[in-house]
Amino acid sequence: CSNAPPSRHLLAGCGDVAGPRPGRDDAIRVGPPSWQADREGLAGQLLGEEHPDTITSIANHGNSLRKRQRFDEAITYLDRALKGARKSMPADSQGTAFILGWYGSALRDLGRFAQAEPMLIEARGIIAKTMGEDHDIAAQMTQGLVTLYEAWDKASPAKGYDSKAAEWKAKRATKSPEKK
């Protein structure tokens with residue numbers, strides 16, 4: 001990497017994440033599932049494991065896995081990202097909120113409702129504080145809590161989760177429809 005020509009892209013001299021550059025053997029090869037892990041490894045080596053860019057890369061990979069319903073794999077990455085964020089980012093950073101939201105959603109989708117609940121509540125609180133109660137992302141996080149409590153009620157009826165879902169629905173309904 002140290003002999004690499006200057007580049008506008010931090011990782012370009014150590015292998016291009018978009019694919020190999022002509023004449024370069026050390027470029028990262030794009031293709032599932034290892035290219036993202038390779039990029040995270042490089043970011044960690046170049047920037048350090050607790051650098052916000054490394055944490056963001058790890059979290060994005062976890063979120064990508066979550067979106068593909070590979071929840072067990074996703075929580076491994078999201079747990080690692082959350083631990084890094086807790087050490088090196090402000091407690092009320094939006095990055096931490098997104099990691100919490102993605103992690104909580106993956107846990108919810110695995111049926112681990114009790115673990116998901118505090119994460120989703122904390123994520124929504126950070127977003128509401130930093131972006132405002134009426135922001136679209138706060139509304140999405142509120143919907144995530146509604147979804148949590150509806151799923152929890154379905155799995156464990158008559159334990160009051162339906163009323164928690166109704167409370168969050170009411171909070172969502174009282175917000176302005178205006179987008180910000």
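Cut-offs and rules
Each residue is numbered by its place in its chain's sequence as written, counting from 1. In view of the model being predicted, local features appear only for residues whose pLDDT reaches at least 70, and side-chain atom pairs are presented and counted only at 80 or more, with totals across whole chains, interfaces and linings using the full set of residues. Note: side-chain values were computed over all heavy atoms of the structure, leaving out hydrogens and water. Runs of H or I in DSSP of at least four residues are treated as helices and runs of E of at least two as strands, each being numbered from the N terminus. Three labels apply to residues, based on accessible area from a 1.4 Å probe with only protein chains included: buried if under 20% of the type maximum, exposed if over 50%, partly exposed otherwise in between. Areas reported as accessible are Shrake-Rupley estimates using a 1.4 Å probe. Residue values count occlusion only from the protein chains shown. By nonpolar core we mean a set of buried residues, namely Ala, Val, Leu, Ile, Met, Phe, Trp, Tyr and Cys, connected to one another through side-chain atoms within 4.5 Å. When checking whether two residues touch, look at their non-hydrogen atoms; a contact exists if any pair is within 4.5 Å. Ring geometry is summarised as follows: Phe, Tyr and Trp rings, the Trp one being its six-membered ring, pair when their centres sit within 6.5 Å, and such pairs are stacked at plane angles under 30 degrees, edge-to-face over 60 and tilted between the two. Counted as over-ring charges are cases with an Arg CZ or a Lys NZ within 6 Å of the ring centre that also lie within 35 degrees of the ring normal. Think of a salt bridge as a Lys or Arg side-chain nitrogen and an Asp or Glu carboxyl oxygen that are within 4 Å of each other.

*Asks:* What should I look at first to understand the overall build of the protein chain in this one?
*Replies:* Tallying secondary structure elements over the protein chain gives 7 helices and 0 strands in all. Seen in sequence order, the protein chain has helices and strands lined up from the N terminus as α-α-α-α-α-α-α. Considering the protein chain as a whole, with its 180 residues, one finds that 40% of them fall into the buried category. As presented, the protein chain carries roughly 9,900 Å² of accessible surface, and 52% of it is formed by carbon and sulfur atoms.

*Asks:* Explain the nonpolar core to me, please; I cannot follow it from the model alone.
*Replies:* A general trend in soluble globular proteins is that nonpolar side chains are found buried together. Residues Ile99, Tyr103, Leu148 and Tyr149 are the most contacted members of the largest nonpolar core, which totals 38 residues. The set of elements that each furnish at least two residues to this core consists of helix 2 (52–67), helix 3 (71–88), helix 4 (94–109), helix 5 (113–131), helix 6 (136–155) and helix 7 (161–173). Setting aside anything within four residues of it in sequence, one finds Tyr149 in contact with Glu117, Ile121, Tyr161, Lys164, Ala165 and Trp168.

*Asks:* It is not clear to me how the packing of aromatic side chains should be interpreted in this structure. Could you clarify?
*Replies:* Two aromatic rings, taken as a pair, are described by how far apart their centres are and by the angle between their planes. Tallied over the entire structure, the rule returns 4 aromatic pairs. When the centroid spacing of 6.2 Å and the interplanar angle of 5° are considered together, the rings of Tyr149 and Trp152 count as stacked. Residue Tyr149 and its partner Trp152 are located together in helix 6, separated by 3 residues, close to a single helical turn. As far as burial versus exposure is concerned, Tyr149 and Trp152 are alike and both buried. One aromatic cluster is present, formed by Phe113, Tyr149, Trp152 and Tyr161 through successive ring pairs. The cationic tip of Lys171 hangs over the ring face of Trp168; the distance from NZ or CZ to the ring centre is 4.1 Å.

*Asks:* Is there a simple way to think about the pattern of salt bridges in this case?
*Replies:* When the charged atoms of two side chains with opposite charge come close together, those side chains can pair. For the coordinates displayed, the defined rule picks out 8 salt bridges. Across the pair Asp79 and Lys83 runs a salt bridge whose closest N-O atoms are separated by 3.0 Å. Of this pair, Asp79 and Lys83 both sit in helix 3, 4 residues apart, roughly one helical turn. We classify Asp79 as partly exposed; its relative accessible area is 24%. For Lys169, the salt bridge goes to Glu150, with nearest N and O atoms at 2.9 Å.

*Asks:* Looking at this structure, how should I read the environment of Lys171?
*Replies:* Tracing the backbone through its elements, the reader meets Lys171 in helix 7. The class of Lys171 is partly exposed, set by a relative accessible area of 39%. C-alpha separation for the pair Lys171 and Ala139, spaced 32 residues apart in sequence, amounts to 9.1 Å.

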